[in-house]
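# Observations on chain architecture
Residue strings, one per chain:
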Amino acid sequence: MMKILYVISDRNIGGAGIQLLNILRHLNRREFAVTVALPFRSRLRERLLAAHIRIRELENPCEELSLRAVCELARVIREEHPDIVHTNAAVAARVAGKLTGRRVIFTRHCAYPAAANATPTAAKLANRLLTDRAVATAAAAARDLIAMGVPSGAITVILNGSDPVREVGAEELNAWREKLSLDRDDFCVGICARLESCKGHDVFLRAAKQAIERMPNRRFRFLVIGDGSRRAELERLAAQSGLSEAVRFTGFVPDVAPLYRLMRLHVNASRGTETSCLAVSEAMSAGVPELVSDYGGNREMIGESLAGIVFPEGNAGALADAICRVAGDGKLEASMRRAAVLRYRRLFTAERMTDRLMAVYRGM
């Protein structure tokens, strides 16, 4: 049996944590034994324990390259005896893994503009020496890895996958409509992302205002799902834009399934970091058409399919155009819904992602 030590720096439940949970649900436990090392008091802790995953809690921030973090992780590795150390942003884990003679794989979840990837020669050499294999969650992330010094032959592109959004009964949907003050005929457009600058919520709100002005007879409602450092700022922007009646800020929602089932459109307005967004694949699994910016891996997720419309990054007018186009054409919306489900099933299931990752493990 191959032993895998996952090292994750998430204290909250972000995309990397959700991806890890998806992997662990589908990993062949007869072939792979798993331990997860994570920070003390991480919100992932209870979910991992509920899934019967062995955990090791870390005292030192593993995303920082400090002597204490490396020494702590080296001790954990010696005690756990893994064959492979798999990490995301935890540079200390890559160093500790190589110092203890383990095979090291890391996943790159982010994509940045070319100028942001200017890597000094010494750092490129370090990335080459510290990496046995790398997983890029989009072609854009693979380009970043190559710019950082990781050999192209060591990189495998594996798009993020998710489990399908569960079915939701009428009673539960009605309860959410009441909670959010929604009517049955409301045209709900949602964005599900951390409330941080890179996610483009300001573009979403400006597009919301324009869509309402262009189609005053359509009852639009805009759902902002998630939490983050920009919440108060975005709530002020919505109020100043006259959107208080049309926009709902839900905060963090542990189970987003009912909200996906209420949506007619899902938006990803990112202008930074995005590769293969889990919210996009989750929404597609529920048959929700996508409107995505052309940043990073978003275009790769939609491809040439009818599952979504790609708009220029930061262009609120183009996003409003797309919203109004779908809201005004029931046949187009129905076609996009069918295409979204088909594309999800073909490319973005958690089983497909995990099967490809297991093949990488076997080849190391």
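Figured I'd write up the structure that's included with this text. On a predicted model such as this, the values are computed, not experimentally measured, just so you know.

On to the overall build of the protein. What the protein contains, in helices and strands, is 15 helices and 13 strands. Its C-alpha atoms give the protein a radius of gyration of 21 Å, near enough to 21 Å, the size a compact globule of 364 residues would have. Relative to its 364 residues, the protein shows a buried fraction of 58%. A separation threshold of at least 6 residues defines the contact pool for the protein, and within that pool the share at least 24 residues apart is 68%. Surface exposure of the protein reaches about 15700 Å², of which carbon and sulfur atoms provide 51%. Charged side chains of the protein number 53 positive and 41 negative; the gap between the two group centres comes to 4 Å.

On to the environment of V150. Mapping V150 onto the fold places it in the loop between α6 (139-147) and β7 (155-157). Under the relative-accessibility criterion, V150 is labelled buried at 2%. A sequence separation of 19 residues divides V150 from T131, and the C-alpha atoms of the two residues are 7.2 Å apart. The contact partners of V150, leaving out residues within four places of it in the chain, are F106, N127, T131, A134, L145 and I155.

Our focus in this paragraph is the packing of aromatic side chains. Evaluated as defined, the whole model comprises four aromatic pairs. Among the aromatic residues, those joined into a ring-pair cluster are F187, F204, F220 and F222. Note that R43 overlies the ring of F252, its terminal NZ or CZ placed 4.5 Å from the centroid. If you follow R94 out to its NZ or CZ, it ends over the ring of F106, 4.0 Å from the centre.

What follows covers the sheet that holds strand β11 (residues 265-268). Strand order in the open sheet formed by six strands is β10-β9-β8-β11-β12-β13, and the pairing between neighbours is parallel. Every interior strand has two partners, whereas the edge strands, β10 (247-251) and β13 (308-311), have only one. Strand-to-strand twist across the sheet, computed as the mean angle between neighbouring axes with direction ignored, equals 20 degrees. Strand direction decides the pairing type here: strand β8 (residues 187-192) and strand β9 (residues 220-225), joined by six bridges, are parallel. Looking across to β9, one finds that V189 is bridged to F222. Sheet contacts for helix α13 (residues 316-327): β8, β9, β11, β12 (290-293) and β13; angle to β13, the most-contacted strand, approximately 160 degrees.

Here we come to the side chain of D202. The residue D202 is located in helix α8 (residues 201-214) in this model. Ignoring any residue separated from it by four or fewer positions in sequence, one finds D202 in contact with R230, L234, L237 and R271.

Time to look at the environment of R29. One can find R29 in the loop between α1 (15-26) and β2 (32-39). What makes R29 partly exposed here is its relative accessible area of 37%. Separated by 15 residues in sequence, R29 and L44 place their C-alpha atoms 20 Å apart. Ignoring anything within four residues of it in the chain, the contact list for R29 reads M1, L24, A51, H52 and I53. Here L24 takes part through its backbone oxygen, which lies 3.4 Å from a polar atom of the side chain of R29.

Thresholds, definitions, all that
- Residues numbered from 1 in each chain as written.
- Predicted model: local features only at pLDDT ≥ 70, side-chain atom pairs only at ≥ 80, totals over all residues.
- Heavy atoms only, no water.
- Helix = DSSP H or I, 4+ residues; strand = E, 2+ residues; numbered from the N terminus.
- Rg over C-alpha atoms; globule rule 2.2 N^0.38 Å.
- Buried < 20%, exposed > 50% of the residue type's maximum accessible area, 1.4 Å probe, protein only.
- Contact = heavy atoms within 4.5 Å.
- Areas by Shrake-Rupley, 256 points an atom, 1.4 Å probe, with all protein chains shown as cover.
- Lys, Arg positive; Asp, Glu negative; His and termini not counted.
- Charge placed at Lys NZ, Arg CZ, Asp CG, Glu CD.
- Phe/Tyr/Trp six-rings, centres within 6.5 Å; stacked < 30°, edge-to-face > 60°.
- Lys NZ or Arg CZ within 6 Å of the ring centre and 35° of its normal.
- Pairing = 2+ DSSP bridges.
- Axes fitted to C-alpha atoms, helices over the stretch in contact; angles between N-to-C directions.
- Polar contact = N/O pair within 3.5 Å; in protein donor to acceptor, adjacent residues only side chain to side chain.

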